[in-house]
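Notes for the structure review
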Amino acid sequence: MPKTSDSVIDQRTLANAIRALSMDAVQKANSGHPGMPMGMADAATVLFSKFLKYDPNWPGWPDRDRFILSAGHGSMLLYSLLYLTGYARPTIDDIKNFRQLGSPCAGHPEYGELPGVETTTGPLAQGLGMAAGMALAERSLRTQYGSDAVDHYTYVITGDGCLMEGLSHEILSFAGHQQLEKLIVLWDNNHISIDGPTSLAVSDDQLTRFEAHGWDAWEVDGHDFKAVEAAIEKARKSAKPSLISCRTIIGFGAPGKQGTEATHGAPLGEEEVAAARKELNWPHQAFEIPEDILAAWRRIGQRSGEQSRAWKKRLPGMDEKKRRQFEGRLEGKLPKALDARIIAHKKALVENPEKMATRKASGQCLEIINGLTEATIGGSADLSGSNNTRTSQMEIMSAANPGGRYIHYGVREFGMAAIMNGMGLHGGFIPYGGTFLIFSDYARPAIRLAAMIGVRVIYVFTHDSIGLGEDGPTHQPVEQLMSLRAIPNLNVFRPACAVETAECWALALKDASRPSILALTRQSIAPVRDKHFEENMSERGGYILKKASARPRVTLIGTGSEVEVALAAQTILEKKGVPTRVVSMPSLGHFQEQSQAYRKEVLGSGALRVSIEAGVTRGWEGIVGEDGFSIGIDCFGQSAPAADLFSHFGITGADIADKILDRIKASA
């Protein structure tokens, strides 16, 4: 290894503490990725010791810089830094238990497990996407409340894999267009992937690529502390988002394996760890950090303490009304008038019934919600008019108008969802974004991550079935609803009318620990509520919408536009002497969380249960039971007017009534 000057040796020793902890933890776990932490230890040392604004004594300081490890497989880099700089956790015992059951030091960083972990990363490039959302949130809040309250950077470490992922294209383009000048990316440019040299798969000129997207971009020796410091300083002064390509050696310090894929995703091995200790001049035992080195790191961790204390003292100096609003935004509070306004809106809808698409009903709700709070920040993936996501209060956000509350994401569904996650995690915003339900497939990895994190973001997914009509099977969602319901900790609402749409919006806003989906119709549908209830009837997921004339022999369970169909079938069956109950089920997940007694009360005992939904039938078995059956679509749709399609697939009141009568006759 090259000789270094005395001034660099101190920083190299600090960085070697990261290397030692990383290789020791991976070796003890016999699992993990030592190469990336060892390669980026020098650049990370510069960032944490010279620039990053953070306070281990107040990890949630609202004006801290955000640090995102998009290359989440290198998690020991982050865990080492958190321990060394003095966060309450991880402890050294936590690090010794890296990747073990119950340890907060998971294989990839997980939000909520440790203070200082800003988000869950691991799926490559999603950290980059969330970082863009955090930078966007910072700029918007700074515009609204001033730099005395909000003025921080978002730093990201990415790897080669992050930049290979298609999501990176969406994020780079968006961030460059928005000129997110406080977003700084440090790329671990080590030319190695799991399979071997990155030249096996890519030959991109990344600096030119970033510049073409409107970024500033530089390359430095990632092991030259002064060069990294100068590059970060330059990036902080840029009017554009910045890329710093840190040319590094993966597994730096492991003499027999550094610079090769052997260090990427496997322990170094006992012999190589011993050789690395010698190479790095680190004669200490595993997990041992000498007192003077740990003390130096702990002093670094206190570097921004004075700034955090000054911020806390400064905040009361804000205009009182503005300060209360700011604090409420950070706490995620909803406006006090929300419940009353939603109830009044529901009452008006019942008193003045009107056929309308639930996407239009959603737009009416947003008009109310966005007028009550500035915390909502909306957008669409180039479908604003179809999704009804922009309301009268919302100016368009742009580089020239950073305080705008409406974001044109362009045709970037995955990017939109990742950015929304970042905004939600940053705090101060309740993001919502729209596209067609079929295109949830593009956004699904970010939706899944939102559910795993437990962040309040709301997806407005319109054109929710064959009811969209002539666009055909490429645009008609069939399996999407059930597949989204399979994701844990995700609310999936499919309201049957304007009233249920208002109730589902209220539920989505109030659930601060889950993301929510509203699946909404393109086509107009009839109102199904003829009586006003102040109670949120959708809260339990399913409820008796219309009782049977006597003890029910049949219970029809519908969602969304098919509730109207269920009511039509009920009318026919009742005329045929078959007492029939109609249950509306806007949220299958919420209903399944209710008590067994409530579910039995709603579904009825001894009645033939029939579910009706214009999608796949798999997943309804637990609701209809062994004796019931499901009506849906277990194939792809077709291109035709909506009414013709519902008739073709047998999802009409008459068709359903006939099937039920045949079943009753056969079982007699």
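Scroll up a little and you will see the structure.
Cut-offs used in this document
Residues numbered from 1 in each chain as written. Predicted model: local features only at pLDDT ≥ 70, side-chain atom pairs only at ≥ 80, totals over all residues. Heavy atoms only, no water. Helix = DSSP H or I, 4+ residues; strand = E, 2+ residues; numbered from the N terminus. Contact = heavy atoms within 4.5 Å. Pairing = 2+ DSSP bridges. Axes fitted to C-alpha atoms, helices over the stretch in contact; angles between N-to-C directions. Core = buried A, V, L, I, M, F, W, Y, C linked by side-chain atoms within 4.5 Å. Buried < 20%, exposed > 50% of the residue type's maximum accessible area, 1.4 Å probe, protein only. Disulfide = S-S within 2.5 Å. Phe/Tyr/Trp six-rings, centres within 6.5 Å; stacked < 30°, edge-to-face > 60°. Lys NZ or Arg CZ within 6 Å of the ring centre and 35° of its normal.

This paragraph deals with the environment of F436. The topology assignment puts F436 in strand β10 (residues 430-436). Taking the C-alpha atoms as reference points, F436 and H475, separated by 39 residues in sequence, lie 8.0 Å from one another. Among all residues touching F436, those that are not within four sequence positions of it are L383, S386, N387, F461, T462, H463 and H475.

Within the open sheet, the 5 strands sit side by side as β1-β2-β3-β7-β6. Their pairing is parallel. Where the open sheet ends on each side, the last strands, each with one partner, are β1 (66-69) and β6 (216-221). Direction aside, the axes of adjacent strands within the sheet are offset by 20° on average. When β1 meets strand β2 (residues 154-159), the two strands line up parallel, connected through 4 bridges. Following the sheet pairing, F67 is matched in β2 by Y155. Helix α5 (residues 126-145) contacts β1, β2 and β3 (183-189) of the sheet and is inclined by roughly 165° relative to β2.

The next point concerns the pairing of β6. Relative to strand β7 (residues 242-247), β6 runs parallel, the two being bridged by 6 bridges. Among the inter-strand pairings, D221 is bridged to a residue of β7, identified as R247.

Of all hydrophobic cores here, the largest spans 68 residues; its most connected members are L183, M423, I447 and Y459. In terms of residues, this core owes the most to one element, α5, which gives 10 residues. Other than its neighbours up to four places away in sequence, L183 contacts A131, A132, A135, T154, V156, A175, W215, P241 and S242. Counting residues in each nonpolar core, the second largest holds 63 residues, with M40, F48, Y153 and I184 among its members.

This part is about the state of the cysteines. Scanning the model with the defined rule gives 0 disulfides in all. C162 carries a free sulfur, and the closest cysteine sulfur to it, the one in C246, is 14 Å from it.

As a further point, take the packing of aromatic side chains. Taken as a whole and judged by the stated rule, the model has 15 aromatic pairs. Seen in terms of ring centroids, F174 and Y409 are 5.7 Å apart; in terms of plane orientation they differ by 20°. Their pairing is stacked. Pair noted here: F174 is in helix α7 (residues 166-178) and Y409 is in the loop between β9 (406-408) and α17 (413-426), with a separation of 235 residues, a long-range link. Residues F174 and Y409 agree in their burial class; the two are buried. Ring-pair connections join several aromatic residues into one group, and the members of that group are F48, Y54, F67 and Y87. Just above the ring of Y598 sits the side chain of R540; from NZ or CZ to the centre is 4.3 Å.

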